[in-house]
Amino acid sequence: MQDLTKNKEVYKSIFENPYLAVYKKAHDKYGAKVHLNLFYEFIPTDDFKEHTEYFNLTMMTDKFKDEFKANSDWLKLAFHARSEYPDMPYKNTTSEEITEDCIKVCREIIRFAGKECINDTTTIHWGEVNREGVRALRSLGFKSLTGYLTFN
């Protein structure tokens, strides 16, 4: 999303972004359906040396909204977490915390890609969320969680 925003004057299509281009090719060639889980914000760290600028979804351009909508039958977007760090952010979450983070992400997805792109399935960052968090996600309309979830 950061690259699409950075190159909004250059790109005529979201599929000029190299990451999304791979998915478009897989869809066109094999009928692949793609689900992307999104962070609300990117905070630069030493782990991501090629990305040095802060970015959050409120900064995402809406220039490509019609194209996202046009591809929403196979390209879906969903909440993943507020950010890459901390690890396991929802292991001991409150319903208020995960609800706030999820609403922020989904509100921005609707703004820049349309509600058609929102998926009712997600993978929570690190695949770990407590019962309170699962209940909060269900109340927000999520029907399933995927990943490497286990019961404790």
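Residues numbered from 1 in each chain as written. Predicted model: local features only at pLDDT ≥ 70, side-chain atom pairs only at ≥ 80, totals over all residues. Heavy atoms only, no water.

**Q** Explain the overall build of the chain here, please?
**A** Regarding its fold elements, the chain presents 5 helices and 6 strands. Here the chain has a C-alpha radius of gyration of 16 Å; the compact-globule value for 152 residues is 15 Å, and the two agree. Projecting the C-alpha coordinates of the chain onto the three principal axes gives extents of approximately 45 × 35 × 25 Å. Out of the 152 residues in the chain, the part that is buried amounts to 40%. Considering only contacts in the chain between residues 6 or more positions apart, those separated by 24 or more positions represent 71%. (Helix = DSSP H or I, 4+ residues; strand = E, 2+ residues; numbered from the N terminus. Rg over C-alpha atoms; globule rule 2.2 N^0.38 Å. Buried < 20%, exposed > 50% of the residue type's maximum accessible area, 1.4 Å probe, protein only. Contact = heavy atoms within 4.5 Å.)

**Q** Even after reading the chapter, I still don't get the side chain of T5, so can you show me in this structure?
**A** Among the secondary structure elements, T5 is positioned in helix 1 (residues 2-6). Using a relative accessible area of 15% as the deciding quantity, one classes T5 as buried. Beyond its immediate stretch of four places on either side in the chain, T5 contacts F55, M59, M60 and T61.

**Q** Could you clarify how one ought to interpret the pattern of salt bridges in this entry?
**A** When charged atoms on two side chains of opposite charge get close, those side chains can pair. Considering all chains together, one arrives at 6 salt bridges under this definition. Between D28 and K24 there is a salt bridge whose closest N-O contact spans 3.1 Å. Here D28 and its partner K24 are both found in helix 2 (residues 18-30), 4 residues apart, which amounts to about one turn of the helix. The residue E108 makes a salt bridge to R111 at a minimum N-O spacing of 2.5 Å. Of this pair, E108 and R111 both sit in helix 4 (residues 95-113), separated by 3 residues, roughly a single helical turn. For E108, a relative accessible area of 6% translates into the label buried. The class for R111 is partly exposed, based on a relative accessible area of 27%. (Salt bridge = Lys/Arg side-chain N within 4 Å of Asp/Glu carboxyl O.)

**Q** Would you mind going over the environment of L145 with me for this structure?
**A** Here L145 lies in strand 6 (residues 144-145). Since its relative accessible area comes to 27%, L145 is described here as partly exposed. Distance from L145 to I98, taken between C-alpha atoms, is 14 Å for residues 47 residues apart in sequence. Contacts of L145, omitting those with residues within four sequence positions, involve T122, I124, V129, V134 and L137.

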